[in-house]
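# Residue-level structure breakdown
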Amino acid sequence: HTKHITLWDKIRLTYKSVIYPVLFNFSWRYGSGLGRYGWTRFRWPILTYQRDHSEWFGGNSHTWKDKKFLFSKNWKDYDHQYEIGDNLGCWEQKVSEARFYAHLDREGFNV
């Protein structure tokens, strides 16, 4: 079946397998192993870094996003979400930042 592979097929496969992932889908994941996880992606068309973060404290989570233009100095964070729940993931409740940290203090987490 490889006799019918054309030059166009080779070009398209090279673009989908090599060029697009390297130039347009450049991203990496990270994790501390202690409840902090996230990913970072660089978007070439708009020259912007975008990050997504998650912090876990038992069954409680704080997630947020931030972004930075390639030539700017500071990151702009947004879309903060705070959820309290149990360690088994049986229930979750979205709460305010103040209530989230008050709950962590009651549970004995040093944040």
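Here, every reference points to the structure presented above.
Turning our attention to the overall build of the protein chain. Counting its regular elements, the protein chain contains two helices and six strands. For the protein chain, the sequential pattern of α-helices and β-strands runs α-β-β-β-β-β-β-α. On C-alpha atoms alone, the protein chain measures out to a radius of gyration of 21 Å, which is more than a quarter above the 13 Å that the 2.2 N^0.38 rule sets for 111 residues. Pairs at least 24 apart in sequence give 15% of the contacts found in the protein chain among residues at least 6 apart. For the protein chain, the computed accessible surface area is about 8,600 Å², with 56% contributed by carbon and sulfur atoms. The centroid of the 17 positive side-chain charges in the protein chain is displaced by 14 Å from the centroid of its 12 negative side-chain charges.

Quick look at the sheet that holds strand β3 (residues 48–57) now. Across the sheet, six strands lie side by side as β1-β2-β3-β4-β5-β6; this open sheet has antiparallel pairing. In this open sheet, the two strands that pair with only one neighbour each are β1 (26–31) and β6 (92–95). Strand after strand, the sheet turns through a mean of 15 degrees between neighbouring axes, direction not considered. In terms of strand pairing, strand β4 (residues 60–69) meets strand β5 (residues 76–85) through six bridges, oriented antiparallel. Paired with aspartate 66 across the bridge in β5 is aspartate 77.

Moving on: the pattern of salt bridges. Counted by the stated rule, this structure contains four salt bridges. A salt bridge links arginine 36 to glutamate 55; its shortest N-O distance comes to 2.2 Å. Here the residue arginine 36 occupies a position in strand β2 (residues 36–43), and glutamate 55 occupies one in strand β3, the gap between them amounting to 19 residues. On the basis of relative accessibility, which here comes to 11%, the residue glutamate 55 falls in the buried class. The residue lysine 65 makes a salt bridge to aspartate 79 at a minimum N-O spacing of 3.9 Å. With a gap of 14 residues between them, lysine 65 in strand β4 and aspartate 79 in strand β5 connect regions that are remote in the sequence. Judged by relative accessible area, lysine 65 falls into the partly exposed class, the value being 33%.

Rules behind the numbers
- The written sequence of each chain sets the order in which its residues are numbered from 1.
- Predicted model: local features are reported for residues with pLDDT of at least 70 only, side-chain atom pairs are reported and counted for 80 or more only, and whole-chain, interface and lining totals are derived from all residues.
- The side-chain quantities take in all heavy atoms of the structure and omit both hydrogens and water.
- Going along the chain from the N terminus, every DSSP run of H or I of four or more residues is numbered as a helix, and every run of E of two or more is numbered as a strand.
- Note that the radius of gyration is over C-alpha atoms, with the globule rule given as 2.2 Å times the number of residues to the power 0.38.
- Residue contacts are counted whenever heavy atoms from the two residues lie within 4.5 Å of one another.
- Accessible surface area values rest on a Shrake-Rupley calculation with a 1.4 Å probe, where residue burial reflects the displayed protein chains alone.
- Note on charges: Lys and Arg go in the positive column, Asp and Glu in the negative column, and His and the chain ends are not counted at all.
- The location of each charge is read from NZ of Lys, CZ of Arg, CG of Asp or CD of Glu.
- Any two strands between which DSSP finds at least two bridges are classified as paired.
- Note on definitions: angles span 0 to 180 degrees between N-to-C directions of axes, and those axes are lines fitted to C-alpha atoms, for helices only across the stretch in contact.
- Put simply, a salt bridge is a Lys or Arg side-chain nitrogen that is within 4 Å of an Asp or Glu carboxyl oxygen.
- Each residue's exposure class comes from its accessible area (1.4 Å probe, protein chains only) as a fraction of the maximum for that residue type: buried when under 20%, exposed when over 50%, partly exposed otherwise.

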